[in-house]
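Geometric and topological summary
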Amino acid sequence: MSLRSLAAEFLPSALQGLQRVPSPTVASGAAGPADDGISSFQALADKLGYLSKADIKLVREAYRFADAAHLGQFRADGKPYITHPIAVAGLVADWRLDAQAVMAALMHDTIEDNQGITKTELIEKFGAPTADLVDGLTKLDKLHFSTREEGQAESFRKMLLAMARDVRVVLVKLADRLHNMRTLAALAPDRRRRIARETLEIYAPIAHRLGLNQIYRELQELSFELLNPWRHAALAKALARARGHRRDIVERVRREVERAFAQNRLKVQVSGREKTVYSIYRKMREKHAGFAQVNDLFGFRVVVPTLTDCYVALGILHQLYKPVPGRFKDYIAIPKANGYQSLHTTLVSPLGTAVEFQLRTEAMHAVAESGIAAHWLYKQRGKDFDRQAAAEAQRLSSMWLQSLLDIQDDTRDSAEFLEHVKIDLHPEAVYVFTPMSKILALPRGATPVDFAYAIHSDVGQHMVAARINGEAAALRTELKSGDVVEIITAPGARPNPAWLSMVRTGRARSKIRHFLKNMEAEESRALGEKMLAQALRAEGLAMPSADPTDTDAAALWQQLARWGGNRHRGELLVDIGLGRKVATIVAKRLAQMMGDRGIKPDAVALTLGRYAAEDASAAQGVVFVDGSEGGSVQFATCCRPIPGDQITGYLGRGEGLIVHSVECPTGRRLYERDSERWIHVEWADELTRAFETTVHVLVHNGKGVLAQVAAAISAAEADITHLDMDSGRGSDLVELRLMVSVRDRVHLADVLRALRRSPAVQRVSRYKAGQERALA
């Protein structure tokens with residue numbers, strides 16, 4: 001049955017109201033707080049029996065402080081605002097978090113909602129750890145941002161970084177978001193949808209990444225209901241109907257499974273589990289299937305005493321029912337990235353339906369439901385309690401939290417930081433091996449580049465190739481579970497900008513972007529230094545020393561940087577290299593400052609510098625280009641100059657130096673509009689690479705023509721980097737537009753002669769800027 005037919009069947013009842021249809025595996029909502037704060041706190045106090053009397057006294061003081069701070073404030077549903085932080089504290093107490101976390105839950109909105117309360121006041125009353133937790137939970141609403149999205153991104157950044165330092169921040173935040181999602185009915189529809197979408201994209205994946213699967217499922221379910229109320233209602237009723245139809249088979253399977261375990265004298269706890277409405281909807285979307293095609297709606301969870309019993313129970317089940325090939329997964333041997341451990345197997349029931357079983361120990365079950373919170377939830381247990389699974393979840397979560405700090409170090413823009421974090425919140429993973437048999441979990445679709453950066457940032461920065469399972473592989477190859485990956489590095493290698501289109505992890509993306517930004521800045525600084533030195537030469541002066549121990553030169557550079565609105569010498573030179581400042585103007589200002597300090601121009605150098613400048617645009621001197629300048633020097637795509645062409649340079653604002661042919665029509669128009677930004681540019685005597693230009697070839701359409709053209713270019717020792725074609729001239733003639741890589745104009749002439757000798761070629765020419773059709 002499709003979603004469309006389900007919606008048509010159940011639409012009338014869905015329109016009667018948007019009440020949530022609870023799923024057996026999802027809590028239908030915590031007991032709502034009472035209308036007055038006092039009775040609500042009494043309900044909270046009943047949950048705090050695991051704390052000492054001194055801690056409970058501190059929690060009570062925090063409650064009084066929060067109650068006074070929120071006095072006179074009400075929620076959208078009309079209840080006193082204090083009922084919300086009390087409910088959040090109750091959820092935190094269910095995890096048995098310490099007194100500081102409970103106090104932070106009670107006071108998490110005090111700074112945000114009250115102008116007079118500060119972090120300093122909280123430190124004085126409740127101590128620095130509690131105040132830090134509250135501060136990490138406080139949005140940056142008091143600061144002004146250009147857009148709401150920018151403010152939201154900066155608030156997320158602040159919260160995530162606080163979470164990386166203390167995981168209790170995110171536990172309190174998730175409890176806060178869960179209670180808000182349970183009580184959104186009083187808000188306007190557009191605001192409900194915005195909060196639900198934010199929850200589905202950010203908070204639910206964070207809960208899953210930290211192993212908080214119970215909260216993860218409920219946040220997904222609530223968000224889906226608010227974003228798609230009709231679909232949720234239709235699927236919920238279809239699921240309830242299917243539950244009734246399959247009740248007999250589910251009970252029969254349960255009885256047979258329990259009997260089989262009893263006969264083998266294995267103590268187990270067997271419980272039924274049911275897919276959530278959102279997980280069914282997502283599976284229907286992914287597989288383009290109807291509701292009737294989703295077979296594994298129901299399953300069983302088997303909890304056993306020890307790890308060995310998991311595998312014993314698996315053998316008993318496989319003897320009882322036939323397993324479905326390819327549906328067994330061992331998450332005990334290879335845990336998920338969030339620490340989840342279980343054996344998953346799908347069996348064929350007596351009536352032919354597929355039934356999934358999950359087998360785990362009690363400790364694994366605690367981690368599966370509570371994730372990183374299991375550390376607090378079960379630390380009151382006896383010494384015999386197996387804490388290995390909880391410790392593993394804690395270790396894996398800590399690794400991810402540390403990666404947030406690594407991304408923060410490489411990213412200064414909040415929106416970019418949030419983008420990297422979203423990329424890292426992938427629930428699906430592949431498990432690959434290093435040559436030393438170490439297992440790494442990476443997002444589905446990850447490439448060898450992601451693998452290299454997961455090993456170490458230095459490995460990623462210097463990688464040149466990869467081998468997968470002993471064979472050479474392209475860097476954009478998607479890794480599969482079980483692959484053995486080996487990275488080949490070279491000391492002189494560096495990241496390629498094209499890698500950004502193939503990586504999937506936030507760590508790799510942030511490291512690559514950070515390197516490219518630094519590389520661009522360094523190249524721009526070197527170009528700016530060269531341009532300023534040449535402009536100073538035209539003034540008859542030499543560049544002041546860059547040695548920081550030379551106090552006179554350092555003072556001069558600092559004065560010049562302040563004049564230009566820069567923080568230091570390097571930043572000023574980057575601005576010159578990027579065209580944000582004109583080297584001639586900076587040089588004249590520097591000459592004036594040097595004159596004030598008694599440094600006079602050299603007469604001979606001044607005469608030679610001005611003699612070499614034949615016009616005003618050349619007063620900065622000549623900039624020589626050899627192809628090694630990187631991103632700070634770009635060759636215009638409108639004319640694509642190559643060595644041998646007469647060239648000139650345009651200092652685009654923030655774009656660096658753009659080299660045009662002197663005959664380029666686009667360059668002439670720019671000169672008429674902005675003549676002061678042009679500088680004299682020439683080719684260096686020694687070039688470091690080949691350069692691209694465009695060639696138009698008119699050929700007779702026929703079999704093997706393209707191969708003949710490629711062979712002619714190859715015979716001339718040139719490379720084709722891009723090809724396009726146009727058959728609009730008629731059925732017999734085809735125009736090829738080839739991007740070829742050549743050394744200089746002489747090499748290009750050899751290529752054109754080789755093409756003209758080919759019998760299939762009718763006409764060939766180099767593309768000229770402004771030309772509409774090369775062979776008209």
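Sequence positions are assigned chain by chain, starting from 1 and proceeding in written order. Restriction of local features to residues with pLDDT of at least 70 applies here, the model being predicted, together with a cutoff of 80 or more for giving and counting side-chain atom pairs; totals for whole chains, interfaces and linings are based on all residues. With hydrogens and water excluded, all non-hydrogen atoms of the structure serve as input to the side-chain values.

This part covers the overall build of the protein. Only DSSP runs of H or I covering at least 4 residues are called helices, and only runs of E covering at least 2 are called strands; the numbering of each starts at the N terminus. Across its full length, the protein holds 30 helices and 19 strands. A separation threshold of at least 6 residues defines the contact pool for the protein, and within that pool the share at least 24 residues apart is 69%. Per element, the accessible surface of the protein, about 37,600 Å² overall, is 51% carbon and sulfur. Any two residues whose heavy atoms approach within 4.5 Å are treated as being in contact. Working definition of accessibility: Shrake-Rupley area with a 1.4 Å probe, residue cover restricted to the visible protein chains.

Moving on to the packing of aromatic side chains. Here the aromatic set is Phe, Tyr and Trp, taking the six-membered ring for Trp, and pairing holds for ring centres within 6.5 Å; pairs whose planes are under 30 degrees apart are stacked, those over 60 apart are edge-to-face, and all others are tilted. Throughout the structure, instances matching the rule amount to 11 aromatic pairs. Chaining the aromatic ring pairs together yields one cluster made of Phe224, Tyr278 and Tyr281. Lysine NZ or arginine CZ positioned within 6 Å of the ring centre and within 35 degrees of the ring normal marks a charge as sitting over the ring. Against the face of Trp557 rests Arg569, its NZ or CZ located 4.7 Å from the ring centre.

What holds strands together in a sheet is hydrogen bonding between their backbones, with the strands either parallel or antiparallel. Sheet architecture is open: 3 strands sit in the order S9-S8-S10, paired in antiparallel fashion. Two strands bound the open sheet, and with one partner strand each, they are strand S9 (471-473) and strand S10 (485-489). Taken pair by pair, the neighbouring strands of this sheet meet at an average axis angle of 35°, ignoring direction. Bridge count between strand S8 (residues 463-468) and S10: 5 bridges; the pairing is antiparallel. Paired with Ala465 across the bridge in S10 is Ile488. DSSP bridges decide pairing: two strands pair if at least two such bridges lie between them. Note on method: axes are straight lines fitted to C-alpha atoms, helices fitted across the in-contact stretch only, with angles between N-to-C directions ranging 0 to 180 degrees.

With that out of the way, let us pick up the sheet that holds strand S18 (residues 733-742). Ordered by their spatial adjacency, 4 strands build an open sheet running S17-S18-S16-S19, and the pairing between neighbours is antiparallel. Strands with a single pairing partner mark the edges of an open sheet, and in this sheet they are strand S17 (719-726) and strand S19 (761-766). Taken pair by pair, the neighbouring strands of this sheet meet at an average axis angle of 20°, ignoring direction. When strand S16 (residues 691-700) meets S19, the two strands line up antiparallel, connected through 5 bridges. The residue of S19 that forms the bridge with Val695 is Arg766. Running at roughly 25° to S18, helix H29 (residues 705-715) makes contact with S16, S17, S18 and S19 of the sheet. Each of S16, S18 and S19 is contacted by helix H30 (residues 745-756), which is oriented at about 165° to S19, the strand it contacts most.

This part takes up helix H21 (residues 448-455). Only protein chains enter the calculation, and the probe is 1.4 Å; a residue is then buried if its accessible area is under 20% of its type maximum, exposed if over 50%, and partly exposed in between. Counting buried positions along H21 gives 6 out of 8 residues, so the element sits mostly inside the fold. Every buried residue of H21 is accounted for by Pro448, Val449, Asp450, Phe451, Ala452 and Tyr453.

Moving on to H29. Buried within H29 we find Val705, Val709, Ala712 and Ile713. The buried residues of H29 all sit within an arc of 95° when viewed along its axis, so they share a single face. Structural note: H29 exposes Ala707 and Ala715 on the side pointing more than 90 degrees away from its buried face. Backbone geometry just after H29 places Glu717 at a positive phi near 65°. Of all possible arcs, the one meant is that of the directions from the helix axis to the C-beta atoms.

A 1.4 Å probe that fits into a set of points on a 1 Å grid over the protein atoms alone but cannot get out defines a cavity; an open set with protein on both sides within 12 Å along at least five of seven lines defines a pocket, and lining residues are those with an atom within 4 Å of a point. Grid points are joined across faces, edges and corners, and a volume is the space filled by probe spheres set on the points. Under the criterion given, the structure shown has 2 cavities of 30 Å³ or more. Of the voids in this model, the largest cavity is the one considered here, and its volume is about 100 Å³. Residue lining of the largest cavity: 11 residues in total, with Val250, Phe298, Thr353, Ala354 and Val355 positioned closest to the centre. Looking at the lining of the largest cavity, the elements with two or more residues in it are helix H14 (247-263), strand S2 (298-304) and strand S5 (354-361). Each residue is assigned to one class: nonpolar for Ala, Val, Leu, Ile, Met, Phe, Trp, Tyr, Cys and Pro, charged for Asp, Glu, Lys and Arg, and polar for all the others, Gly among them. In terms of residue class, the lining of the largest cavity is built from 7 nonpolar, 3 polar and 1 charged.

We now examine the pairing of S2. Where burial is concerned, most of S2 is hidden: 7 out of the 7 residues are buried. Neither face of S2 is open: one carries Phe298, Phe300, Val302 and Val304, the other Gly299, Arg301 and Val303, and all of them are buried. Here S2 runs beside S5; their pairing, made up of 6 bridges, is parallel. From the neighbouring strand, Phe300 faces S5, where its bridge partner is Phe357.

Here we come to the environment of Arg467. Relative to the helices and strands, Arg467 resides in strand S8. Relative accessible area serves as the criterion here: at 34%, Arg467 is assigned to the partly exposed category. For the pair Arg467 and Val484, spaced 17 residues apart in sequence, the C-alpha to C-alpha distance is 8.1 Å. Not counting chain neighbours up to four residues away, the residues in contact with Arg467 comprise Ala472, Val484, Val485, Glu486 and Ile488.

Attention now moves to the nonpolar core. Grouped together as the largest cluster of nonpolar side chains are 61 residues, with contacts concentrated most on Val59, Leu106 and Met107. With 8 residues, the single largest contributor to this core is helix H10 (residues 168-182). We call a set of buried residues a nonpolar core when its members are Ala, Val, Leu, Ile, Met, Phe, Trp, Tyr or Cys and they connect through side-chain atoms within 4.5 Å of each other. In this structure, Leu541, Val586, Trp683 and Val695 belong to the second largest nonpolar core, which totals 54 residues.

The phi angle at Arg640 is positive, at roughly 45°, despite the residue not being glycine. The topology assignment puts Arg640 in the loop between strand S12 (633-635) and strand S13 (647-652). A positive phi angle, near 65°, is found at Glu717, a position not held by glycine. Here Glu717 is to be found in the loop between H29 and S17. Its relative accessible area of 59% is what places Glu717 among the exposed residues.

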